[in-house]
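# Results of the structural survey
Here are the chains, one letter per residue:
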Amino acid sequence: MIDQTLPRPLSIELKLQHPGLDIRAQFRVLPGKVCALVGRSGAGKSALLKAAAGLAPARGGRIAVGNEAMYDSAARINKPPHERRLTWLDGHTHLFPHLNVKANLAYGLKGVGLRRTKPPAFDKVVNWLDLASLLSRKPEALTISQRVKVALARALISGPNALLLDDPLGDVPPHEQEALLELLAELPTRFQVPIVLVSPRMNEVIRLADEVVILHEGRMASAGPAAQILSDVSLSTFLEGVHAGSVLEGEVKRHDIEWLLSEVDVSGQRVTVPAMLHGVGSKVRLKVRARDITLHRAVPTDTSCSNHLRGRITQIMLAGEHGTYGAVGIELDRALDADSLQVKSGSPLWAMLTRKSIQQMGWAPGQPVVVGFKAMATTVSSWR
């Protein structure tokens with residue numbers, strides 16, 4: 001017999017109508033994983049989340065937790081939000097103003113006996129989020145960060161089938177966001193529920209997402225592993241504009257205390273970054289903007305760049321025949337295995353260069369290349 005208390009994957013296949021937008025998307029999120037919906041403002045990300053939660057009508061499709069349908073237009077199944085338990089959390093928190101924190105949290109316990117998944121213990125969540133000293137306070141006496149933590153605690157205590165996070169840190173002051181981001185990063189492993197994230201801040205996507213779905217005008221432009229999708233040159237126009245670049249996954253290998261630098265292994269090559277607090281062996285993600293990358297035929301001897309990675313050009317995309325710039329897609333070489341004579345394919349990344357530089361250097365797909373960038377051009381994020 002299957003243990004029904006085990007976390008189950010979330011499957012979403014939806015069609016819905018939003019003002020001026022016909023939205024269609026299909027994706028699946030495993031327990032303990034985060035899928036981020038990204039794209040320009042107005043692409044339909046939040047509307048899709050609301051329809052999944054049952055807070056807005058859908059025109060067709062299916063939503064399932066494991067094999068249990070929460071919505072199935074063909075089978076005429078349309079469970080209300082409280083039965084779906086796809087718990088919505090946004091920056092407004094929606095706490096009851098007339099109840100103190102303890103009573104707000106207790107509201108999440110309603111109907112726990114009907115849950116198929118076992119909710120986390122009340123005290124466990126309160127202690128993890130350090131809420132014990134706040135239990136007697138009303139929401140008006142809390143800071144924005146504290147209200148987000150209470151709303152998150154209430155969501156977890158309810159024993160959700162999945163968490164739908166719609167910019168939960170949007171109203172939090174920037175200097176307080178990092179601490180909450182660290183808590184959100186612990187959610188997948190601590191509570192093993194599927195999580196869908198919408199955030200306009202790419203640093204949150206890089207820090208949290210396992211998978212990324214790009215929405216463009218209501219339709220899926222692409223979907224796949226986060227580092228792969230966020231480093232795809234052909235998708236850059238849907239992401240960060242001039243701040244777009246590549247996400248490299250690696251492992252911390254060394255700290256240089258004298259020079260306050262750290263070294264990260266990426267595809268078997270070493271990348272130097274500003275000193276970080278992550279211990280040796282930690283998994284991290286590095287963000288490098290495409291406009292901060294230089295390309296060379298060989299490792300330069302007179303340069304301030306600390307990083308020179310070997311790779312091969314995979315594609316070149318020019319912004320029109322007479323445009324100013326172009327994008328060069330690159331695949332890093334992976335270090336040779338001890339018993340291998342061939343260089344394997346490594347991480348993808350891309351560079352933004354002027355059309356003049358591309359043509360004068362004669363860059364073309366298939367050519368070997370040395371990728372250069374400064375240590376200070378990298379942004380480091382933890383990665384579980």
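Look above for the structure.
Residues numbered from 1 in each chain as written. Predicted model: local features only at pLDDT ≥ 70, side-chain atom pairs only at ≥ 80, totals over all residues. Heavy atoms only, no water.

## A closer look at the overall build of the chain
Each helix and strand counted, the chain has 9 helices and 21 strands in total. Taking 2.2 N^0.38 as the reference for a compact globule, 384 residues should give roughly 21 Å; the C-alpha atoms of the chain span a radius of gyration of 23 Å, in line with that estimate. Taken over the C-alpha atoms alone, the chain extends approximately 65 × 50 × 45 Å along its principal axes. Here the chain holds 384 residues, and 49% of them are scored as buried. The contacts in the chain between residues at least 6 apart in sequence include a share of 67% that link residues at least 24 apart. (Helix = DSSP H or I, 4+ residues; strand = E, 2+ residues; numbered from the N terminus. Rg over C-alpha atoms; globule rule 2.2 N^0.38 Å. Buried < 20%, exposed > 50% of the residue type's maximum accessible area, 1.4 Å probe, protein only. Contact = heavy atoms within 4.5 Å.)

## Quick look at the sheet that holds strand 13 (residues 261–266)
Strands sit in the order 14-13-12-15-21 across an open sheet of 5 strands; the sheet is antiparallel. Both edges of this open sheet fall to strand 14 (269–274) and strand 21 (378–382), since each of them pairs with a single strand only. Averaged over neighbouring strand pairs, the angle between their axes works out to 45 degrees when direction is ignored. The pairing of strand 15 (residues 283–289) with strand 21 spans 5 bridges and is classified as antiparallel. Counterpart to leucine 286 in the pairing with strand 21 is valine 380. (Pairing = 2+ DSSP bridges. Axes fitted to C-alpha atoms, helices over the stretch in contact; angles between N-to-C directions.)

## A short note on the pattern of salt bridges
Taken as a whole, this structure holds 17 salt bridges when the rule is applied. Taking the shortest distance from any N to any O, the salt bridge between glutamate 204 and arginine 201 comes out at 2.6 Å. The same class applies to glutamate 204 and to arginine 201, which are both buried. Of the charged contacts in the structure, one is a salt bridge between aspartate 292 and arginine 289, with a shortest N-O distance of 3.1 Å. On the basis of relative accessibility, which here comes to 26%, the residue aspartate 292 falls in the partly exposed class. Residues joined by salt bridges that share partners form a network here, namely Asp22, Arg24, Arg59 and Arg219. (Salt bridge = Lys/Arg side-chain N within 4 Å of Asp/Glu carboxyl O.)

## Some thoughts on helix 1 (residues 45–53)
Counting buried positions over the 9 residues of helix 1 gives 7, a clear majority of the element. Within helix 1 the residues assigned to the buried category are Lys45, Ala47, Leu48, Leu49, Ala51, Ala52 and Ala53.

## A word on empty space enclosed by the protein
According to the stated counting rule, one finds 3 cavities of 30 Å³ or more in the structure shown. Looking at the second largest cavity, its volume works out to about 40 Å³. Around the second largest cavity, the lining residues are Val34, Leu165, Leu184, Leu187, Ile195, Leu197 and Leu208. Every element with two or more residues in the lining of the second largest cavity is listed here: helix 6 (174–191) and strand 9 (195–198). The class makeup of the residues in the lining of the second largest cavity is 7 nonpolar, no polar and no charged. (1 Å grid on protein atoms, 1.4 Å probe; cavity = no way out; pocket = protein on both sides within 12 Å on 5 of 7 lines; lining within 4 Å. Points joined across faces, edges and corners; volume = space filled by probe spheres on them. Nonpolar A, V, L, I, M, F, W, Y, C, P; charged D, E, K, R; others polar.)

## So, the nonpolar core
The nonpolar side chains of soluble globular proteins are, as a tendency, buried together. By size, the foremost hydrophobic cluster in this structure holds 52 residues, and its most contacted members are Leu105, Leu187 and Val212. When residues in this core are grouped by element, the largest group, 8 residues, is from helix 5 (residues 144–157). The contact partners of leucine 187, leaving out residues within four places of it in the chain, are Trp128, Leu152, Leu156, Leu163, Gln192 and Ile195. If you look at the next biggest cluster of nonpolar residues, it comprises 30 residues, including Ile12, Leu16, Val29 and Ala51. (Core = buried A, V, L, I, M, F, W, Y, C linked by side-chain atoms within 4.5 Å.)

## Quick look at the environment of alanine 53
Inspection of the secondary structure puts alanine 53 in helix 1. Taking the relative accessible area as the measure of exposure, alanine 53 reaches 2% and is therefore buried. C-alpha separation for the pair alanine 53 and glycine 91, spaced 38 residues apart in sequence, amounts to 16 Å. Leave out the neighbours within four places in its chain, and alanine 53 touches Pro81, Arg84, Leu86 and Leu164.

## Looking at the pairing of strand 18 (residues 325–334)
With 7 of 10 residues buried, strand 18 lies mostly within the body of the structure. As judged from the 7 bridges shared by strand 17 (residues 307–318) and strand 18, these two strands associate in the antiparallel manner. If you follow glutamine 315 over to strand 18, its bridge partner there is glycine 329.

## Some remarks on the packing of aromatic side chains
Summed over all chains, the structure comprises 2 aromatic pairs. Taking 4.8 Å as the distance between ring centres and 70 degrees as the angle between the ring planes, the aromatic pair formed by phenylalanine 96 and tyrosine 107 counts as edge-to-face. Placement of phenylalanine 96 in the loop between strand 7 (86–90) and helix 3 (101–107) and of tyrosine 107 in helix 3 is noted, with a sequence separation of 11 residues between them. With a relative accessible area of 25%, phenylalanine 96 lands in the partly exposed category. Looking at arginine 297, its charged tip hangs above the ring of tryptophan 363, at a distance of 4.1 Å from the centre. (Phe/Tyr/Trp six-rings, centres within 6.5 Å; stacked < 30°, edge-to-face > 60°. Lys NZ or Arg CZ within 6 Å of the ring centre and 35° of its normal.)

## As for unusual backbone geometry
With a phi angle near 55 degrees, histidine 94 is a residue other than glycine that sits in the positive phi range. Here histidine 94 lies in the loop between strand 7 and helix 3. Its identity as a non-glycine residue notwithstanding, leucine 260 has a phi of 55 degrees, on the positive side. Summarising the element assignment, leucine 260 is placed in the loop between strand 12 (245–256) and strand 13.

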